[in-house]
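Read off the chains here:
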Amino acid sequence: MSGHSRWATIKRTKGAADAKCGQAWTKVIKEVTIAARLGGGDPKANSRLRRAIDLGKAQNIPADTVTRAIKKGTGELEGVSYEDLVYEGVGPRGVLVLMEVVTDNRNRTAAEMRKLFDKHGGVLGAVGAAAWAFDVKGVLTLAKELATEEQVFDVAAGAGAEDVSDDGDVWTITAPRELLDVVRDALVLASLEPRGAEIQHIPNIPKMLEGDDARRMIALLDSLEDHDDVQKVFSEADFSDATLAALG
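Read on for a plain summary of the structure. Bear in mind that the values here come from a model prediction, so they are computed numbers and not experimental data.

### Structural notes on the layout of surface pockets
Taking a probe equal in size to a water molecule and rolling it over the atoms shows the remaining empty space. Quantified by volume, the second largest pocket comes out at close to 150 Å³. Those elements that place two or more of their residues in the lining of the second largest pocket are helix H2 (22-39) and helix H4 (63-74). Residue composition of the lining of the second largest pocket, grouped by class: four nonpolar, four polar and three charged.

### Examining the sheet that holds strand S1 (residues 83-90)
Read across the sheet, four strands follow the order S3-S1-S2-S9 without closing on themselves; strand pairing throughout is antiparallel. Both outer strands of the open sheet, strand S3 (123-125) and strand S9 (230-235), are each paired with one neighbouring strand and no more. When strand polarity is set aside, the average angle formed by the axes of neighbouring strands in this sheet is 30°. By the bridge criterion, three bridges tie S1 to S3 in an arrangement that is antiparallel. In the sheet register, Val 90 faces S3, and the bridge partner there is Val 123. Contacting S1, strand S2 (96-103), S3 and S9, helix H5 (residues 106-119) runs over the sheet at an angle of about 20° to S1.

### What to know about the environment of Thr 67
Mapped onto the elements, Thr 67 comes out in helix H4. Given the relative accessible area of 37%, Thr 67 is considered partly exposed. A sequence separation of 26 residues divides Thr 67 from Gly 41, and the C-alpha atoms of the two residues are 9.2 Å apart.

### A few points about the nonpolar core
Counting 23 residues, the largest nonpolar core has Tyr 87, Met 99, Met 113, Met 217, Leu 224 and Phe 239 as its most contacted members. For this core, the element with the highest residue contribution is helix H8 (residues 211-225), accounting for six residues. With 17 residues, the next largest nonpolar core counts Leu 140, Val 152, Ala 159 and Ala 175 among its residues.

Parameters and conventions
Residues numbered from 1 in each chain as written. Predicted model: local features only at pLDDT ≥ 70, side-chain atom pairs only at ≥ 80, totals over all residues. Heavy atoms only, no water. 1 Å grid on protein atoms, 1.4 Å probe; cavity = no way out; pocket = protein on both sides within 12 Å on 5 of 7 lines; lining within 4 Å. Points joined across faces, edges and corners; volume = space filled by probe spheres on them. Helix = DSSP H or I, 4+ residues; strand = E, 2+ residues; numbered from the N terminus. Nonpolar A, V, L, I, M, F, W, Y, C, P; charged D, E, K, R; others polar. Pairing = 2+ DSSP bridges. Axes fitted to C-alpha atoms, helices over the stretch in contact; angles between N-to-C directions. Contact = heavy atoms within 4.5 Å. Buried < 20%, exposed > 50% of the residue type's maximum accessible area, 1.4 Å probe, protein only. Core = buried A, V, L, I, M, F, W, Y, C linked by side-chain atoms within 4.5 Å.

As structure tokens, then:
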């Protein structure tokens, strides 16, 4: 995703479709497990776990499945030992890419990431190769039918949010990373339940791609997001409506 871009809207649509398949559930369960391992099994004291549980509810994952994942994370049940990692790379035209990964075998995952970048004209980079080009923010999305932009802004800004933008079928709210849960709670209190609330890497300067560069970049992003170990993908890439229409 490239911040609040046309590509972000496309990925939300794809994400809604992916939620119907087992891979999406697997990624959420991994996130629940790693969040519980890192921050404990109490969602009231672990904001990352609380957000993961909310995502599980949004995807209709059974509560007992989520509970088992929490217990595996805290060690109450035997389970796979996951690592929480960030990989960085460079795609076509020098576009920088970040991938948040949860894996039980970092060597295997690194080799597979390298292969995907090589296949699509990119290079898997070292730590720090791409992170410098992104700001880390809290990002929430809210269905447009719930409120006007002014109403959303009043509530969100009052809780410390920085911006509200129009992203097709949703309002996208940007907040400082440390205020993500504060803004979320303020929206819920105002009966404005967010569709999503997560930490994202927002590119400082999005790069518009066209033609073959755009095709290769979209193929790279899709292949990364389809990988079982990859939780989220962020990039500097953006695409015009005409380019996305031409690429189908």
